Amino acid sequence: NAGVTQTPKFQVLKTGQSMTLQCAQDMNHNSMYWYRQDPGMGLRLIYYSASEGTTDKGEVPNGYNVSRLNKREFSLRLESAAPSQTSVYFCASSKTSGRADEQFFGPGTRLTVL
Amino acid sequence: RKEVEQDPGPFNVPEGATVAFNCTYSNSASQSFFWYRQDCRKEPKLLMSVYSSGNEDGRFTAQLNRASQYISLLIRDSKLSDSATYLCVGQNSGYALNFGKGTSLLVTP
């Protein structure tokens, strides 16, 4: 089992460009999440999907959109990238969105917006 | 102000030492707590859950004090491989995990 996979691993964008970060899990988990991690800020939730067909905003959703394509895949789209979106993006999944479920993280995407 | 606060460190300790990290949380509704470990430029991974009665996993002991709203992690007999950032995490009802900023540990020979 690969667990949670993310593509790409690294990306450099210019301000105003768009891109989609891909995430897939092979653990048959119901819930999936997108976080960003910035120095001195810790991990912050962007969007999550409690189950296939549902998505909800997290703490920092502005500037992002998501799609839960199927049970396995959850993508994050930046429509018009800004330098403030330079960050490390982690996708995660868990069996459910219930209490005390361990979240498994992908290896991350390092995004730089110039 | 973040819901979960940690001393960022770094904590520099020699091999074999015992080291303790504390973290405090502000939301008394937080129901579950965890310690995650994150190696440099890697993803976070669950180290252990934290139970009200306290729990131990080998050299690691986690404690929760709901009255004072703090969580602790004790590492005994530190190994070089314990060098990492330790993330304190609280969970309210449902999905939301609230991550602290992390405490950096460096174990030296």
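Residues numbered from 1 in each chain as written. Chains lettered and ligands numbered in written order. Predicted model: local features only at pLDDT ≥ 70, side-chain atom pairs only at ≥ 80, totals over all residues. Heavy atoms only, no water.

**A look at the overall build of chain B**
- Along the backbone of chain B there are zero helices and 11 strands.
- When the elements of chain B are put in sequence order from the N terminus, they spell out β-β-β-β-β-β-β-β-β-β-β.
- Taking 2.2 N^0.38 as the reference for a compact globule, 109 residues should give roughly 13 Å; the C-alpha atoms of chain B span a radius of gyration of 13 Å, in line with that estimate.
- Based on the C-alpha atoms only, the size of chain B along its principal axes is roughly 40 × 30 × 20 Å.
- Classification of the 109 residues of chain B by burial places 47% in the buried group. (Helix = DSSP H or I, 4+ residues; strand = E, 2+ residues; numbered from the N terminus. Rg over C-alpha atoms; globule rule 2.2 N^0.38 Å. Buried < 20%, exposed > 50% of the residue type's maximum accessible area, 1.4 Å probe, protein only.)

**With respect to the environment of serine 94 of chain A**
All names here are of chain A.
- Summarising the element assignment, serine 94 is placed in strand E9 (residues 87–94).
- Between the C-alpha atom of serine 94 and that of phenylalanine 104, which follows or precedes it by 10 residues, the distance is 6.3 Å.
- Residues within four places of serine 94 in sequence aside, it is in contact with His29, Asn30, Ser31, Tyr33, Asp101, Glu102 and Gln103. (Contact = heavy atoms within 4.5 Å.)

**Structural notes on the packing of aromatic side chains**
- Applying the stated criterion to the full structure yields 13 aromatic pairs over all chains.
- An aromatic cluster is defined as three or more aromatic residues linked by ring pairs; in this entry it consists of Tyr33, Tyr35, Tyr48, Phe90 and Phe105 of chain A together with Phe34, Tyr36 and Phe99 of chain B. (Phe/Tyr/Trp six-rings, centres within 6.5 Å; stacked < 30°, edge-to-face > 60°.)

**Some remarks on the interface of chain B and chain A**
- Taken together, the contacts link 19 residues of chain B with 23 residues of chain A.
- Buried area between chain B and chain A, summed over both chains or domains, comes out near 1700 Å², and the portion from carbon and sulfur atoms is 53%.
- Here chain B and chain A share zero salt bridges between them.
- Counting the contacts that link chain B with chain A gives four residue pairs in polar contact (both at pLDDT 80 or more).
- The residue inventory of the side of chain B that touches chain A, partitioned by class, reads eight nonpolar, six polar and five charged. (Buried area = accessible area lost by both parts, 1.4 Å probe. Salt bridge = Lys/Arg side-chain N within 4 Å of Asp/Glu carboxyl O. Polar contact = N/O pair within 3.5 Å; in protein donor to acceptor, adjacent residues only side chain to side chain. Nonpolar A, V, L, I, M, F, W, Y, C, P; charged D, E, K, R; others polar.)

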